[in-house]
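Close look at the chain arrangement
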Amino acid sequence: MIEVHGICLRLTQAVQSLRAAIRSLGGGRESQDSSQKGIMVMSEISDLIHQLKDHIIWAEEKWIVTQPRLHTLDDLLSSLNTTIASLEMSLQSGAVNSRTYKKGILDNTFIPRFEHYKVAFIVAMQPDSCERTATEQNLKSYIRACRELDSSRNTPVLNEHGYHNITRPITSKNVIRLTEMCSRREKGTAQWIFEEERYKDWLFGSFRTLYCVGPAGAGKTFLA
């Protein structure tokens with residue numbers, strides 16, 4: 001059973017997530033037209049969520065707080081959160097840094113999705129009717145498909161156990177062994193190269209490339 005209080009809390013959290021996404025668009029270097037469209041539609045969704053929350057809190061129309069309605073709204077909010085997370089991942093530092101890419105992904109992917117979310121929140125405030133039911137079913141199918149796509153786009157973060165499984169081979173006993181080997185190195189090892197005239201010429205810019213030639217195991221990698 002979904003509680004009204006829980007849904008209201010999720011609506012508040014959705015507005016906060018939308019505000020964060022709006023800030024990420026406003027501070028980026030994406031196409032201004034695409035950014036403004038995205039900001040506008042997300043702002044409209046935020047306003048609709050505030051209206052919907054008021055309807056639910058006051059519950060003057062009892063049909064708006066029935067369990068089927070609350071379940072549908074709960075699914076809608078989950079999908080919205082997934083899409084927002086996918087948007088932020090696509091625009092975050094370190095992602096593809098092409099303006100053309102960002103304009104394309106906003107215009108062709110995220111703005112159309114947010115437009116559907118806007119309609120879905122409008123429908124959520126409408127009384128029961130055949131037209132409303134048909135529209136809601138179409139929206140559910142579209143949003144469900146988008147949610148599955150967004151979920152596959154978001155790479156899961158490693159938990160602590162997974163992190164240690166990856167890093168364990170380069171830690172612990174291996175590091176101790178490496179430290180012991182380094183401490184047994186003969187004094188003056190590899191220092192000879194610093195006295196080589198060709199090395200000095202390369203170091204001070206006489207030529208750009210210094211080739212180190214030798215058979216396997218001679219120590220080329222160690223010198224590098």
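What counts, and at which threshold
- Residues numbered from 1 in each chain as written.
- Predicted model: local features only at pLDDT ≥ 70, side-chain atom pairs only at ≥ 80, totals over all residues.
- Heavy atoms only, no water.
- Helix = DSSP H or I, 4+ residues; strand = E, 2+ residues; numbered from the N terminus.
- Buried < 20%, exposed > 50% of the residue type's maximum accessible area, 1.4 Å probe, protein only.
- Contact = heavy atoms within 4.5 Å.
- Areas by Shrake-Rupley, 256 points an atom, 1.4 Å probe, with all protein chains shown as cover.
- Core = buried A, V, L, I, M, F, W, Y, C linked by side-chain atoms within 4.5 Å.
- Salt bridge = Lys/Arg side-chain N within 4 Å of Asp/Glu carboxyl O.

We now examine the overall build of the protein chain. Each helix and strand counted, the protein chain has nine helices and zero strands in total. Along the protein chain, from the amino end to the carboxyl end, the secondary structure elements read α-α-α-α-α-α-α-α-α. Across the 224 residues that make up the protein chain, the buried fraction comes to 30%. Restricting the contact set of the protein chain to residue pairs at least 6 apart, pairs at least 24 apart contribute 74%. Of the roughly 15200 Å² of accessible surface on the protein chain, 56% is carried by carbon and sulfur atoms.

Further remarks concern the environment of Asp47. Mapped onto the secondary structure, Asp47 falls in helix α2 (residues 32-58). Asp47 sits in the partly exposed class, given a relative accessible area of 45%. Along the backbone, Asp47 and Lys118 are 71 residues apart, and their C-alpha atoms lie at a distance of 9.8 Å.

This next bit is on the nonpolar core. Counting 40 residues, the largest nonpolar core has Met42, Ile49, Leu52, Leu73, Leu80, Phe114 and Phe121 as the members making the most contacts within it. Only α1 (4-26), α2, α3 (67-91), α4 (99-124) and α5 (130-153) provide two or more residues apiece to this core. By residue number, the principal contributor to this core is α4, which donates ten residues. Leaving out residues up to four positions away in the same chain, Phe114 has contacts with Leu18, Val41, Met42, Ile45, Leu80, Thr83, Ile84 and Leu87.

Scanning all chains against the criterion turns up eight salt bridges. A salt bridge links Glu44 to Lys118, with the shortest nitrogen-to-oxygen separation between them at 3.0 Å. One end of the pair, Glu44, is in helix α2; the other, Lys118, is in helix α4, with 74 residues separating them in the sequence. Take Glu44: its relative accessible area is 30%, and that puts it in the partly exposed class. Linked through salt bridges whose partners overlap, the residues forming this network are Glu44, Glu115 and Lys118.

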